[in-house]
Amino acid sequence: MATLTVWKFDTPEGASRAAEKLQGLAKEGLVNIEDAATVSWEEGASKPKTRQMHNLTGRGALGGMFWGMLFGLIFLIPLFGMAVGAAAGAIAGSLRDVGIDDDFIKRTRDEIQPGTSALFVLTTDVVVDKVRDAFAGDRPKLLHTNLSKEQEEHLHEVFV
């Protein structure tokens, strides 16, 4: 079963450092990264910068389309107005079908603010204790949604 996690950091550069650390853990065989992206929101910026991770050990399961839609729902929809709002409702409905519900989106939106960053990652085969230990000094806040195998397959159908 895949797990989509969001790791929030109290600095704009925290997620990038964590992504590097997570890739190191993947090389050690402690986690299998299917796909990942970072969000960095500098203090004073009107919106965050997003980046999809490349050169992953996984197969890039979700792709840019998924991350773009998810980040659009979380960070950008209020800027687009009513016309896109209807489309956003349809997208949100599709995401709900794969285990990403309105509460997850709202909680993530509330947590990631200017001056912070986040690492969004879809993983399988995690040695939880080792990964937790590796991030202990960073003190990230972890939000997550577990996806069933069926939900993961639906993500592949919708976004790949």
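These numbers were taken from a predicted model, which means no experiment stands behind them.

**Thoughts on helix 4 (residues 102–111)**
Inference 1: Within helix 4 the residues assigned to the buried category are Phe-104, Ile-105, Thr-108 and Glu-111. Down the axis of helix 4, the sector holding all buried residues measures 135°, keeping them to one side.

**Here we look at the pairing of strand 1 (residues 3–9)**
Inference 1: Taken across its seven residues, strand 1 has seven buried, putting it largely inside the fold.
Inference 2: The side-chain alternation of strand 1 yields two buried faces, one formed by Thr-3, Thr-5, Trp-7 and Phe-9 and the other by Leu-4, Val-6 and Lys-8.
Inference 3: Here strand 1 pairs with strand 4 (residues 116–124) via seven bridges, running antiparallel. Bridge pairing in strand 4 places Val-6 opposite Phe-120.

**Notes on the pattern of salt bridges**
Inference 1: Under the criterion given, the structure shown has five salt bridges.
Inference 2: One salt bridge in this structure joins Lys-106 and Asp-110, with 2.7 Å as the shortest N-O distance. Here Asp-110 and Lys-106 lie together in helix 4, a separation of four residues that amounts to about one turn.
Inference 3: Looking at Lys-106, the relative accessible area reads 47%, which means it is partly exposed.
Inference 4: Taking relative accessible area as the criterion, Asp-110 reaches 44% and is therefore assigned partly exposed.
Inference 5: Lys-141 serves as the salt-bridge partner of Glu-111, at 2.9 Å between the closest nitrogen and oxygen. Note that Glu-111 is positioned in helix 4 and Lys-141 in strand 5 (residues 141–146), a separation of 30 residues in sequence.
Inference 6: Ionic contacts of the salt-bridge type, sharing partners, join the residues Lys-8, Asp-10, Glu-111 and Lys-141 into one network.

**With respect to the side chain of Thr-38**
Inference 1: Tracing the backbone shows Thr-38 in strand 2 (residues 32–41).
Inference 2: Not counting the four nearest positions on each side in its chain, Thr-38 is found in contact with Ala-15, Ala-19, Lys-49, Thr-50, Arg-51, Ala-118 and Leu-119.

**Points about helix 1 (residues 14–27)**
Inference 1: In this model, helix 1 (14 residues) spans 20 Å end to end at C-alpha, consistent with the 20 Å of a helix rising 1.5 Å per residue.
Inference 2: Within the span of helix 1, buried status applies to Gly-14, Ala-15, Ala-18, Ala-19, Leu-22, Leu-25 and Ala-26. Buried residues of helix 1, seen end-on, are gathered within an arc of 130° and therefore sit on one face of the element. The outward face of helix 1, more than 90 degrees from its buried face, is lined by the exposed residues Glu-20 and Lys-27.
Inference 3: Buried residues along helix 1 sit against strand 1, strand 2, strand 4 and helix 5 (128–134).
Inference 4: Looking one or two residues past helix 1, Gly-29 carries a phi angle of roughly 80°, positive in sign.

Basis of the calculations
Residues numbered from 1 in each chain as written. Predicted model: local features only at pLDDT ≥ 70, side-chain atom pairs only at ≥ 80, totals over all residues. Heavy atoms only, no water. Buried < 20%, exposed > 50% of the residue type's maximum accessible area, 1.4 Å probe, protein only. Helix = DSSP H or I, 4+ residues; strand = E, 2+ residues; numbered from the N terminus. Arc of directions from axis to C-beta. Pairing = 2+ DSSP bridges. Salt bridge = Lys/Arg side-chain N within 4 Å of Asp/Glu carboxyl O. Contact = heavy atoms within 4.5 Å. Expected span 1.5 Å × (residues − 1).

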